[in-house]
Amino acid sequence: MTTARQACEGALRNWVQASQDHARVVLLLAVALAVVCAIYVQGHFSVDTNSENLISEKLPWRRAVMELDQLFPVLSNTLVVVIESHTSELADEAQRQLVAALSTRKDVINDVFALETQPFFRRNGLLYLEPQRLQALADDLTRAQPFLGALRADLSLHGLFTLLSRALERPKDAPQIAAALPKIAEAVAAAREQRFYRLSWSELTAPAANASGHSEIRFIELAPNLDYASVRPAHEVITTVRASVAQLQLTPNHDVTVRLTGSIAMEDEELLSTARGAGLALLGALGAVIVLLYLTLRSFALVAATLVTVLFGLLVTVTFASLAIGHLNLISLAVGVLYIGLGINYALYLCMEYRELLGHEVAQRDAMPLAACLVGAFMLVCVATTSAGFLAFVPTSFTAIADLGVITAFGMVAAVVSTLTLLPALLTMWRPRADKVQLVLTQEDLLSRLLNWPAGHGRVVLTGGALALVVGLLIAPRVIFDPDPLNLRDPRSESVATFRRLQSNPEIPTMTLSALTPNAQAAQSLVQKTQALPLVLRAMSINEFIPQQQPEKLAIIDDLALVLGPQFESGGEQPAIVAREDDRESLASLMKQLDRVGQQSGAAGANAAALSSELQRFQEQMDAAGGTGSERLLQSLRETLLGTLPARLAALADSLQAEPVQLADLPRPLFVRWVSANGTYRVEIWPREVLDRTERMQQFVDQVREVAPTAVGPALISLESGHAVVAAFRMAFLYSFIAISILLLLLLRNVVDALLALLPLAVAMILTLALMVIFDMKLNFANVIALPLILGVGIDYGVYIVQRGRASDVGTRIFQSGAARAVLSGGLITVASFGNLMWSSHPGTASLGLVLALGLGLALFCALVFLPSIILLRQRRRALHAQRPA
């Protein structure tokens, strides 16, 4: 072992010496390699932002999801446009306009689907109402028939005001119009104040069908072209939608709100938030590194050489990722922050040993090779243990962290090679003054006293540590894994806030499951079985789009068509609002009638008086405006009062054209969402409860899968992804523990020393989990990545302390060396680098930074506080045992 160690130290010394002797050649080769790497990365660097690829495709549930996506591609990766308005006509018109605009963008959108805009549903929509609701609607429209027919024939202010005057004369014959006076007064006030407002004629003519009082919501489903080689693959389609919304003026000022949600919108906002957070974290990490490096190294030349070395290694690592793996993923994007936080340590170890040797008056040319000889072996041990921790994820099903493990393992090798090659060459060219950078530790300073205090009070320290460990062992098992990916996203973002709002309504299918069946009979059978489950609100297949009780409903529609008259029989184009010369005269006539009715007592009189007052103010404003201004006000009144009526009349005329519906009559855009090209039928199952908690998700999924074992959907994907990640981390921890233990046994050649090196890491892990429980922090898809990082990095602290203890005599101060200070500074730099992630606006990234800072801080603390005390007590026992007579 000694011979092998000496050979290793000699090889490291010779390597560094050769780098110094050929510094110019090394720098030229480094520049050439950096240029080649930069060119290659620019042409080949890509990011796979498809979150589905984070988990292995070999898992059964992933294969089921892939099969569903393959059979029904229009359902996978949809962008959902949510349109909301207080007026149903405005929601319908906004939906129609946006569908028309987006349907022309075939370059970025493969498919645009909105159920209500399909001609089939415009004709046959009434057939999907329950008979009682359809009859109530028909009764409302029958009562409104005199006014609807008259307005269709004379769609003008004259026609409206004439009808209102007649209604006021015979209020019992027209209760709906008379009751609408307050809303008409509000419309007049809006026109006078030049506010956007549209009177809802669906509410006036069919109050029973519009009595919910809630905002009207419409949906558009988009199947976009996504560029997964881009950091934001949905950026172009989202930009297209927002541009169309702005162009059509679908804004809250026009009583329309358009929001985007669905997996694509949430992933895009998450990517943007993550990228911003990672960028700020990278800048913060660099800032923290520079400050702490200077405080540690006390030389601009050393700091500059260290930074150049680290950035060069990072470029080589990214090139390796592009070459060997082909892309980064949503998790391996963190390699930049990880590399800086970890790779800086190796340069720091070497530089601090270099400074200490200069303080011992070693010649500057000889100091760097000798430093490599003294700390190089420790650096190689760190590389081996850190790489083992990361590579342990390669055999797991969590492919995202497996990729990160391969990249980071290579990066650690690149960091050591760069440190032992480029750093000596740079310092040869930028030779710092020895008297300015030398480190002299002949006398104890405040830091030394603080570091050595725990070893001098070992029993107290170890007693406190033992109590903390016992408490941690009792609490740590209570840590919870949260599989809901929504909790990792910014709840204030548009897509998440919109989804949460929709999710709160069980009538809106946000967390459904889908099951595949071979034919229509099997689909119907599965619908019946799942519909009977207690936790299922609704189960449906394509067959549910064939209306029930069609003869009864068609009879009601035929009777309604007969009552409404021939002007509604043929459907056809939407009528236009007409400006008549006698509109002003009709207004004056209506005001007189309102004045007469307004003198009566009761609600009718009060409503008439209020409308008369608004019309009087409107008339006065028109008189004051004169000419063009007067006509502009009158046109505003037309739009406010009659703006929604043409679409309402056209929709009513279309709905009276209903005919018997069979499966073959259903529109193809709907059919392909339920029946695949090879005849596979899809069954969709809706939960009865809001699935906003893991327990509810699990219960719903378990109950459905008892009947439909292959059913998949968002709830199942969240749960199964969580199970896969937890299983992957358990397996990886086992592999990592075994690999690191074997490495420590081989390198330290002593079981007790190997256990001592592992001890601070084990204690830190237990305390980290316990503190997470105490502060109500849950493990999730983001911060669970911190655990292998803590394992791979934290072991280095214990290894160094054990190696220093083995090389020290009884009573020797373990921390009285430059390398020891490098371990402390390197640990603080790593904690500060990763801790910058805490300030990210992305909740997942912030939780990752918090757990990393907490875990690595505890690992460093345990290594610096508890381990020296144990080593010192062990040395004293050995000394006492050696002094006993044989």
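Residues numbered from 1 in each chain as written. Predicted model: local features only at pLDDT ≥ 70, side-chain atom pairs only at ≥ 80, totals over all residues. Heavy atoms only, no water.

Caption draft 1: Representation of helix H4 (residues 88-102) within the structure. The end-to-end C-alpha distance of H4, which contains 15 residues, comes to 21 Å, matching closely the 21 Å that a straight helix rising 1.5 Å per residue would cover. Within H4 the residues assigned to the buried category are Ser88, Glu89, Leu90, Ala91, Ala94, Gln95, Leu98, Val99 and Leu102. (Helix = DSSP H or I, 4+ residues; strand = E, 2+ residues; numbered from the N terminus. Expected span 1.5 Å × (residues − 1). Buried < 20%, exposed > 50% of the residue type's maximum accessible area, 1.4 Å probe, protein only.)

Caption draft 2: Layout of the packing of aromatic side chains. Enumeration over the complete set of coordinates arrives at seven aromatic pairs. On the basis of an interplanar angle of 75° and a centroid distance of 6.5 Å, the ring pair of tyrosine 346 and tyrosine 349 is categorised as edge-to-face. With a gap of three residues between them, tyrosine 346 and tyrosine 349 both fall in helix H15 (residues 335-359), about one helical turn apart. On the basis of relative accessible area, tyrosine 346 is assigned to the buried category, the value being 2%. On the basis of an interplanar angle of 90° and a centroid distance of 5.9 Å, the ring pair of phenylalanine 861 and phenylalanine 866 is categorised as edge-to-face. Of the residues examined, phenylalanine 861 reaches a relative accessible area of 44% and is grouped as partly exposed. In this structure phenylalanine 866 comes out as buried when scored by relative accessible area, which is 16%. Each member of the aromatic cluster is reached from another via a ring pair, and the members are Phe120, Phe121 and Tyr128. Sitting over the face of the ring of phenylalanine 113, arginine 673 holds its NZ or CZ atom 3.9 Å from the ring centroid. The side chain of arginine 682 reaches across the aromatic face of tryptophan 674, ending 4.1 Å from its centre. (Phe/Tyr/Trp six-rings, centres within 6.5 Å; stacked < 30°, edge-to-face > 60°. Lys NZ or Arg CZ within 6 Å of the ring centre and 35° of its normal.)

Caption draft 3: A look at unusual backbone geometry. Of note, the phi angle at glutamine 194 is positive, near 60°, even though the residue is not glycine. Here glutamine 194 is to be found in the loop between helix H10 (181-192) and helix H11 (201-205). You can call glutamine 194 partly exposed: its relative accessible area is 48%. We note that glutamine 249 has phi near 60°; this positive angle belongs to a residue other than glycine. Along the chain, glutamine 249 turns up in the loop between helix H12 (235-247) and strand E5 (257-261).

Caption draft 4: Region of the structure containing the pairing of strand E8 (residues 536-540). With four of five residues buried, E8 is to be regarded as a mostly interior element. Of the pairings in the sheet, the one linking E8 to strand E9 (residues 681-687) comprises four bridges and is antiparallel in character. Paired with arginine 538 across the bridge in E9 is tryptophan 686. (Pairing = 2+ DSSP bridges.)

Caption draft 5: A look at the sheet that holds E8. Ordered in space as E7-E9-E8, the three strands form an open sheet in which the pairing is antiparallel. A single partner strand is all that each edge strand has here, and the edge strands are strand E7 (513-517) and E8. Across the sheet, the axes of successive neighbouring strands diverge by a mean angle of 20°, strand direction being ignored. Packing against the sheet, helix H22 (residues 520-531) makes contact with E7, E8 and E9, and its axis sits at approximately 170° to E8. (Axes fitted to C-alpha atoms, helices over the stretch in contact; angles between N-to-C directions. Contact = heavy atoms within 4.5 Å.)

Caption draft 6: Summary view of the nonpolar core. In terms of nonpolar packing, the biggest core is built from 240 residues, with Phe161, Leu293, Tyr346, Phe398, Phe618, Leu641 and Leu744 touching the most fellow members. Ranked by residues supplied to this core, first place goes to H15 with 17 residues. Filtering out sequence-adjacent residues up to four positions away, leucine 293 remains in contact with Arg298, Val303, Thr306, Leu307, Ile344, Leu348 and Ile829. Within the second largest apolar cluster, 25 residues are counted, among which are Val81, Val99, Leu102 and Leu260. (Core = buried A, V, L, I, M, F, W, Y, C linked by side-chain atoms within 4.5 Å.)

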